[in-house]
Amino acid sequence: MRLLFYILVLAAVAWLGLFLYQNPGNIELAYQDWVVEVSISALVVGGLCLILVYTLLAYIFKAYRKIREWITGSTLRAVTKNANQGWSYLAEGDWIRAEACMLKAAKHSETPEHYYVAAARAAQELGAIDRRDNSLRLALRANSQDQLAIGIVQVKLQLKQGQLEHSLVTLQELLKLAPHNLLVLKLSSQVFATMQEWGEVIKILPLLRKHRVLDQYATDQLEAKAYSFILRAEAKKSGLQSLLAFWDTLPRAVRHQVLVVQEYAQLLLDLGSSTDAELILRTTLKRQWDLGLIKLYGFSLGTDLGKQISLAESWLRSNQTEPVLLLTLARLCLAHKLWGKARSYLDSSLALDANPDAFAELGRLLVFLGEHDKALDCYKNG
């Protein structure tokens, strides 16, 4: 059908050319003072030339578009092929081929950052840390908008490689970029705690609580570790008076934390301030019952041992089967030289739990009372 159309057009052009040859003539074009005289044949030939040039350009453009589509399609096929092979090699643990395929895929992809990140993972598995970092830089250069995502990947890879100091630097940059990002906060808490950067932990604790990055127990444990370390450092640096003053500067919520109170009381005992330890333990136990604090209370001798024993016995009314409390009462009675009551409490504690500490206390008491054979049995059992 198209061939017939071209034959008809060719015939029409031939007839028109013959007609113009047999009937020559001119056309005048006038505009104001301008007059242009053109022969009809020249006008027709010029028009045909324009049509021919237009048609030729249209075909050239069409051919260019087809070639470009073919090249683009070929590139896309190459990217897809390399990427699919790369993912397979990653799954198989063939890190060398995986890295090579991902770099090839990234080279021709419109979104190469994903392939560069995959190449970085493969490079790390090969121990090629320089190549890993270079791939991550290329990923960031390809798409600076993905700085947060690429930075998180970098931190994870650094942690896996054991590069704690490098991960710390990266995380500090990410905290400036996205201070409320949950994953950044979680990773930061892990790295800061591992490196014992407790000051940094304390800075991000309010955000950890606000956004519930960790569960309540984990957050409390982290807070207790942070403040316990700082309390130990303060006690080691400046002694008792500095520790007492520093304690008063802590937030109220922290001073009510059982684990923090336990560390503080132990430090007071280590520094020889038993009365201060007794006061803080007694105050805290009024608010919250805790066996760790109860155990320390047995070593914290205040100014009035009689009142201490009475207080501990009041706790016993609702905790009659608690061996730790019975051991604490025994220790307080020993300090107050109430040998009979102390022995009774030790026997009751051991009946509930064969605790080495209770055996040791009973052994010492029996030695004091002159019952050496029984004391020896206690030490053996302990």
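Remember, predicted model here, so these are calculated numbers, not experimental data.

**Here's the deal with the overall build of the protein**
Phase 1 of the analysis: Along its length, the protein carries 20 helices and 2 strands.
Phase 2 of the analysis: Looking at the protein as a whole, 36% of its 382 residues are labelled buried.
Phase 3 of the analysis: Sequence separation of at least 24 residues holds for 49% of the intrachain contacts in the protein that already meet a minimum separation of 6.
Phase 4 of the analysis: Here the protein displays about 23400 Å² of accessible surface, and carbon together with sulfur accounts for 58% of that area.

**A closer look at the environment of serine 88**
Phase 1 of the analysis: Turning to its location among the elements, serine 88 is positioned in helix α2 (residues 40-92).
Phase 2 of the analysis: Put simply, serine 88 and alanine 98 are 10 residues apart on the chain and 7.7 Å apart in space, counted from C-alpha to C-alpha.

**Side note on the side chain of serine 228**
Phase 1 of the analysis: By the secondary structure assignment, serine 228 is in helix α10 (residues 216-238).
Phase 2 of the analysis: Not counting residues up to four positions away in its chain, the partners in contact with serine 228 are Leu259, Val260 and Glu263.

**Here's the deal with the nonpolar core**
Phase 1 of the analysis: Ranked by internal contacts, the top residues of the largest apolar core, which has 48 residues, are Leu231, Trp247, Tyr264 and Ile280.
Phase 2 of the analysis: Non-local contacts of tryptophan 247, meaning those with residues more than four positions away in its chain, are made with Leu231, Arg255, Val260, Val261, Tyr264 and Ile280.

**Things to note about the layout of surface pockets**
Phase 1 of the analysis: Counted as a void, the largest pocket has a volume near 260 Å³.
Phase 2 of the analysis: Within the residue set of the lining of the largest pocket, elements represented by two or more residues are α5 (129-142), α6 (147-160) and α7 (164-177).
Phase 3 of the analysis: Here the lining of the largest pocket is built from residues that sort into 5 nonpolar, 4 polar and 3 charged.

Reading guide: rules and limits
- Residues numbered from 1 in each chain as written.
- Predicted model: local features only at pLDDT ≥ 70, side-chain atom pairs only at ≥ 80, totals over all residues.
- Heavy atoms only, no water.
- Helix = DSSP H or I, 4+ residues; strand = E, 2+ residues; numbered from the N terminus.
- Buried < 20%, exposed > 50% of the residue type's maximum accessible area, 1.4 Å probe, protein only.
- Contact = heavy atoms within 4.5 Å.
- Areas by Shrake-Rupley, 256 points an atom, 1.4 Å probe, with all protein chains shown as cover.
- Core = buried A, V, L, I, M, F, W, Y, C linked by side-chain atoms within 4.5 Å.
- 1 Å grid on protein atoms, 1.4 Å probe; cavity = no way out; pocket = protein on both sides within 12 Å on 5 of 7 lines; lining within 4 Å.
- Points joined across faces, edges and corners; volume = space filled by probe spheres on them.
- Nonpolar A, V, L, I, M, F, W, Y, C, P; charged D, E, K, R; others polar.

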